[in-house]
Amino acid sequence: MRIAPKYTQRIAIALLGGATLLTLLVLLFIILFVLEKGLPAVTWQFLSQAPRDMGRSGGIFPVIVGTFLLPLLAIAIALPLGVGTAVYLTEYTRETRLTRVIRFGTDCLAGIPSIIFGLFGFIFFVVILGFGWSLLSGGLTLALMILPTIIRTTEEAIRAVPNTFREVSFSLGATRWETVLHVVLPNALPGIATGIMLSLGRSIGETAAVIFTAGSALRMPTSVYDSVRTMAVHFYLLAREGISNENAYGTAAVLILAVLGVNLTAYWIMNRFVGRHT
Amino acid sequence: MTPPDSIKIAVESLSAFYGPDPGLRNINLPIPARSILGIIGPSGSGKTTFLRTLNRLNDLKPESRIEGRVLLDGQDIYHPAFDVVSLRKRVGMVFALPMPLPMSIADNITYGPRLAGIRNRARLDALIETSLQSAFLWDEVKNRLSSSAMRLSGGQQQRLCLARTLAMQPEVILLDEPCSGLDPISTARIEEALTLLKSQYTVVLVTNNTKQAARVADRTAFFLMGELVEVDETRRIFTIPRDSRTGDYVTGRFG
């Protein structure tokens, strides 16, 4: 039996709409659940004070600082490396077996579970290089973890820049480097920013790779050789060790709001920045 | 300065290849200084390929290869010691589609001069004004030089591209079907600009519109399937061509 097109159309709309709705509801439920359980703990003191008694009381200020410092350091390390690699692969080499091998390698790197990065970071940065549990070890480990994302998104963004722009630039007497600098990268910026956002999101919520490399010290870091604790790690330890469920959910609420805030700010900056000449 | 009536560019036994097939076969074509050379011919006849061998833009495609020589003021531009970047500063190009860079009108004009090392604000401002005036665009944009070039109309964008090339103060200007997407009024403006420019520049104009060649070119070359069929004074090409294929093309019997 054949169903009339009018009905198949309706069924399709209902199924697709239902799938979208379900996704949104799950997301909304998680956010509301965490906020509902966590927000009562979030006070000005909670945000501005140092933790006391392993986090049973007091606030999470050093943890918030650590949560932002670690991904920022990771991006500061990974961005120049990743963008440089992407520019080299797309603008300076022809498509050969070697570039395909490099690309396959970065894709594999993207699929490695974060705990493996944590283990590697622990053995290499913490032990062999002797950086100890520190901001530096954690930043380097996270940088390795987000490098494939940055390379891949930058590559896609560079490829999307119309070739005619390059030809115009060359025809006006620009060298390849000048063309990359003045024409290719500015036009690839929105795509690169997407990569940064994805990486920021991934590294801000990371626990496994961080706990092995940056440690979990509750003190305020004073140098890159100091251990830090991020909100995700703090949440994990508070909940896992049964130290304080209220403060664990409070931390989770702050983390969710922080990620939301970072995303909104980034989109606002991008819109102001990119909308000008397009 | 090259004296008038002298040869600015001499193309000698030039063949160009993409992969195994020659896109151009054994072209010999002297281009006189301070005049407009029109290049006509049906699509796929190698006009654009020829134009892009003159500023070595074909080099960007890895599979392209050329044989023969192209002499600019007697120097072979394909000689290994010849600097490609300086070549493109001397031989400017306007593309078929209006292709402003996504930046302001003023920045589009100053892009080339800045790369060439001109930093002086007053000099850059002077370049912006004179080049926009030569391209008949100044009056339309003089009050919004810092707004985006992408917001101009197609005809304005193409005149901006011409102005951008003029701001490089090149010796030769290559135009690749510059009016193909433009309305008759914009086309007339560009043609007017070109006829004024030939007192200072050597102009090579590829066009799909034979009438345009008849209107503005001093000499016209007819390309067919990668070969140069003939080149002569425009008047002769359109009235008494030596090759019957030229006659057939300009009278619209094929192409």
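Residues numbered from 1 in each chain as written. Chains lettered and ligands numbered in written order. Predicted model: local features only at pLDDT ≥ 70, side-chain atom pairs only at ≥ 80, totals over all residues. Heavy atoms only, no water.

## So, the pattern of salt bridges
Link 1 in the chain: If you walk through the whole model with that rule in mind, you get 28 salt bridges over all chains.
Link 2 in the chain: Residues Glu 171 of chain B and Arg 90 of chain B are paired through a salt bridge, measuring 3.0 Å at the closest nitrogen-oxygen approach. Of this pair, Glu 171 of chain B sits in the loop between helix H6 (154–166) and strand S7 (172–176) while Arg 90 of chain B is found in helix H2 (residues 84–90), placing the two residues 81 residues apart along the sequence.
Link 3 in the chain: Glu 233 of chain B is paired through a salt bridge with Arg 235 of chain B; the nearest N and O atoms lie 3.0 Å apart.
Link 4 in the chain: Judged by its relative accessible area of 56%, Arg 235 of chain B is exposed.
Link 5 in the chain: A single salt-bridge network, built from bridges that share partners, covers Arg 103, Asp 107, Arg 152, Glu 155, Glu 156 and Arg 159 of chain A. (Salt bridge = Lys/Arg side-chain N within 4 Å of Asp/Glu carboxyl O. Helix = DSSP H or I, 4+ residues; strand = E, 2+ residues; numbered from the N terminus. Buried < 20%, exposed > 50% of the residue type's maximum accessible area, 1.4 Å probe, protein only.)

## Regarding the nonpolar core
Link 1 in the chain: With 53 residues, the main nonpolar core has Val 11, Leu 29, Phe 50 and Leu 54 of chain B as its most contacted residues.
Link 2 in the chain: Among the elements that line this core, the one with the most residues is helix H8 (residues 176–204) of chain A, at six residues.
Link 3 in the chain: What Leu 54 of chain B contacts, discounting residues up to four positions off in sequence, is Ile 9, Val 11, Ile 31, Val 70, Ile 77, Leu 87, Val 91, Leu 174 and Val 204 of chain B.
Link 4 in the chain: Of all hydrophobic cores here, the second largest spans 33 residues; its members include Ala 106, Ile 109, Leu 162 and Leu 197 of chain B. (Core = buried A, V, L, I, M, F, W, Y, C linked by side-chain atoms within 4.5 Å. Contact = heavy atoms within 4.5 Å.)

## Section: helix H4 (residues 121–134) of chain B
Residues and elements named next belong to chain B.
Link 1 in the chain: With 14 residues, H4 should reach 20 Å at 1.5 Å per residue; the first-to-last C-alpha distance of 20 Å fits that figure.
Link 2 in the chain: Within the span of H4, buried status applies to Leu 124, Leu 127, Ile 128, Ser 131 and Leu 132. End-on, the buried residues of H4 take up no more than an arc of 115°, which puts them together on one face.
Link 3 in the chain: Buried positions along H4 lie against helix H3 (105–115), helix H5 (138–141) and H6. (Expected span 1.5 Å × (residues − 1). Arc of directions from axis to C-beta.)

## Examining the domain arrangement of chain A
Interfaces are often sized by the accessible area lost when the parts come together.
Residues and elements named next belong to chain A.
Link 1 in the chain: Each domain of chain A was delimited in the assignment, giving domain 1 (5–41) and domain 2 (44–274).
Link 2 in the chain: Here the C-alpha centre of domain 2 lies 29 Å away from the C-alpha centre of domain 1.
Link 3 in the chain: Listed by partner, the interface residues are eight residues for domain 1 and nine residues for domain 2.
Link 4 in the chain: The junction of domain 1 with domain 2 conceals about 700 Å² of combined surface from both sides, 85% of it contributed by carbon and sulfur atoms.
Link 5 in the chain: Summed over the shared surface of domain 1 and domain 2, the result is zero salt bridges.
Link 6 in the chain: Between domain 1 and domain 2 we count zero residue pairs in polar contact (both at pLDDT 80 or more) in total.
Link 7 in the chain: The class makeup of the residues in the side of domain 1 that touches domain 2 is six nonpolar, one polar and one charged. (Domains from an automatic or database assignment. Buried area = accessible area lost by both parts, 1.4 Å probe. Polar contact = N/O pair within 3.5 Å; in protein donor to acceptor, adjacent residues only side chain to side chain. Nonpolar A, V, L, I, M, F, W, Y, C, P; charged D, E, K, R; others polar.)

## Some points on H6 of chain B
Residue and element names in this part refer to chain B.
Link 1 in the chain: In this model, H6 (13 residues) spans 18 Å end to end at C-alpha, consistent with the 18 Å of a helix rising 1.5 Å per residue.
Link 2 in the chain: Most of H6 sits out of view: twelve of its 13 residues are buried.
Link 3 in the chain: Taken residue by residue, H6 has Gly 155, Gln 156, Gln 157, Gln 158, Arg 159, Leu 160, Cys 161, Leu 162, Ala 163, Arg 164, Thr 165 and Leu 166 as its buried positions.

## Some details on the environment of Thr 213 of chain A
All names here are of chain A.
Link 1 in the chain: Tracing the backbone through its elements, the reader meets Thr 213 in helix H9 (residues 208–213).
Link 2 in the chain: The class for Thr 213 is buried, based on a relative accessible area of 0%.
Link 3 in the chain: Sequence spacing of Thr 213 and Val 42 is 171 residues, and the spatial spacing of their C-alpha atoms is 28 Å.
Link 4 in the chain: Among residues more than four places away in sequence, those in contact with Thr 213 are Gly 118, Gly 121, Phe 122, Val 126, Gly 132, Trp 133, Ser 134, Ser 137, Gly 138 and Thr 141.

## Description of the sheet that holds strand S3 (residues 36–40) of chain B
Sheet strands associate in pairs through backbone hydrogen bonding, adopting either a parallel or an antiparallel arrangement.
All names here are of chain B.
Link 1 in the chain: Reading across from one edge, S6-S7-S8-S3-S9-S10 is the order of the six strands in this open sheet, with mixed pairing throughout. Two strands lie at the open edges of the sheet, namely strand S6 (91–94) and strand S10 (227–233), each paired on one side alone. In this sheet, neighbouring strand axes are inclined to one another by 15° on average, regardless of whether the strands run parallel or antiparallel.
Link 2 in the chain: Two strands pair when backbone bridges link them, and S7 and strand S8 (residues 202–206) are joined in this way by five bridges, in the parallel orientation. Looking at S8, one finds that Asp 176 is bridged to Val 206. (Pairing = 2+ DSSP bridges. Axes fitted to C-alpha atoms, helices over the stretch in contact; angles between N-to-C directions.)

## Looking at the interface of chain B and chain A
Link 1 in the chain: Facing 27 residues of chain B, the contacting portion of chain A comprises 20 residues.
Link 2 in the chain: Together, Pro 102, Tyr 111 and Leu 115 of chain B form the three largest contributors to the area buried by chain B at its contact with chain A, with a combined 26%.
Link 3 in the chain: The interface formed by chain B and chain A holds two residue pairs in polar contact (both at pLDDT 80 or more) in total.
Link 4 in the chain: If you list the elements that add at least two residues to the side of chain B that touches chain A, you get H2, S6 and H3 of chain B.
Link 5 in the chain: Residue classes in the side of chain B that touches chain A are distributed as 16 nonpolar, six polar and five charged.

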